Amino acid sequence: MTRRSEQISLHLNAYLTAHSTPPDAILRELATETAERYPNDVSLQIAPEEGTFLTLMARISRARSAIEVGTFTGYSSICIARGLGGGGRLLCCDVSEEWTSVARKYWEKAGLVDRIELRLGPALDTLRALPDEELFDLAFIDADKISYPRYWTEIVPRVRPGGVIMVDNTFSHGRVLDAGNDNPSVIAVRAMNDQAAADERVELIMVPLGDGLTVAAKH
Ligand SMILES: C[S@@+](CC[C@H](N)C(=O)[O-])C[C@H]1O[C@@H](n2cnc3c(N)ncnc32)[C@H](O)[C@@H]1O
């Protein structure tokens, strides 16, 4: 199944993608290879229109230094890295050697190897090992949902004033609305959404792209 924004109709989504910059051949090939190799995990990948949005956000914010938490086979990392300004650097965090080996292959194809560094291991460890400074112009969170509140806590101080923080799956497929849903991942996403909305260091908007994308700008 093609990845798409979930909260709008199929027809409107088709119209939206037909009137937005489409993924190029490399991203299309990556999406196809991911679907063939990992048919049960294909839903982990962001929707194509979300990828275009990530590239635009990196470009518009003139980001040069970025971090991604949750890389999988590399789709979002390519979109972010392509939007970074000259000399831009993206730090990718993931636990899967196998999935990120596909990402490495496509970083090579996309000519982005010089821009991207991968750190394998639990992202919380990677984040906590970073200097406690404003290192990044842009951050994208898209890993294990259970850790979302802690990712927010670790990342916001490490983003410079004026920088952008984006978080994927903040609708949790609509389950955030169901107060009776006690799935730990849903509880964690709901908690992070509340934490982010109350965080006076940022202004933010939940964008109904993909499965909900929170976009925050740090004051
Ligand atoms: C939803 S996928 C990321 C999709 C990716 N952004 C894309 O566009 O294709 C989530 C990723 O988080 C990784 N992950 C899960 N738990 C993690 C952890 N504790 N630390 C770092 N990465 C983790 C998984 O290995 C997986 O690749």
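First, a word on what this report is: a plain description of the structure on this page. Source: prediction; values computed, not measured.

## Describing the packing of aromatic side chains
All chains considered together, the criterion is met by three aromatic pairs. Centre to centre, the rings of Tyr38 and Phe72 are 6.4 Å apart; their planes meet at 50 degrees, and the pair counts as tilted. Here the residue Tyr38 occupies a position in the loop between helix H2 (25-37) and helix H3 (48-60), and Phe72 occupies one in the loop between strand S1 (65-69) and helix H4 (75-83), the gap between them amounting to 34 residues. This pair shows no difference in class: Tyr38 is buried, exactly as Phe72 is. Judged by centre distance (6.2 Å) and plane angle (80 degrees), the ring pair of Tyr38 and Trp99 falls under edge-to-face. A residue pair is termed long-range when its members are at least 10 positions apart, and Tyr38 in the loop between H2 and H3 and Trp99 in helix H5 (residues 97-109) qualify at 61 residues.

## A short note on the sheet that holds strand S4 (residues 136-141)
Taken together, the seven strands give an open sheet; going across it, the order is S3-S2-S1-S4-S5-S7-S6, and neighbouring strands pair in mixed fashion. Edge positions in the open sheet fall to strand S3 (116-120) and strand S6 (202-207), since each of these has one partner strand only. Going from strand to strand, the sheet's axes swing by 15 degrees on average, the running direction of each strand aside. Where S4 and strand S5 (residues 159-168) come together, five bridges link them in parallel fashion. The partner of Ala139 across the bridge, within S5, is Ile165. In the packing of helix H7 (residues 148-155) onto the sheet, contacts are made with S1, S4, S5, S6 and strand S7 (213-218), and the angle to S5 comes to roughly 165 degrees.

Cut-offs applied
- Residues numbered from 1 in each chain as written.
- Predicted model: local features only at pLDDT ≥ 70, side-chain atom pairs only at ≥ 80, totals over all residues.
- Heavy atoms only, no water.
- Phe/Tyr/Trp six-rings, centres within 6.5 Å; stacked < 30°, edge-to-face > 60°.
- Helix = DSSP H or I, 4+ residues; strand = E, 2+ residues; numbered from the N terminus.
- Buried < 20%, exposed > 50% of the residue type's maximum accessible area, 1.4 Å probe, protein only.
- Pairing = 2+ DSSP bridges.
- Axes fitted to C-alpha atoms, helices over the stretch in contact; angles between N-to-C directions.
- Contact = heavy atoms within 4.5 Å.

The values reported here are purely geometric and, on their own, carry no functional implication.
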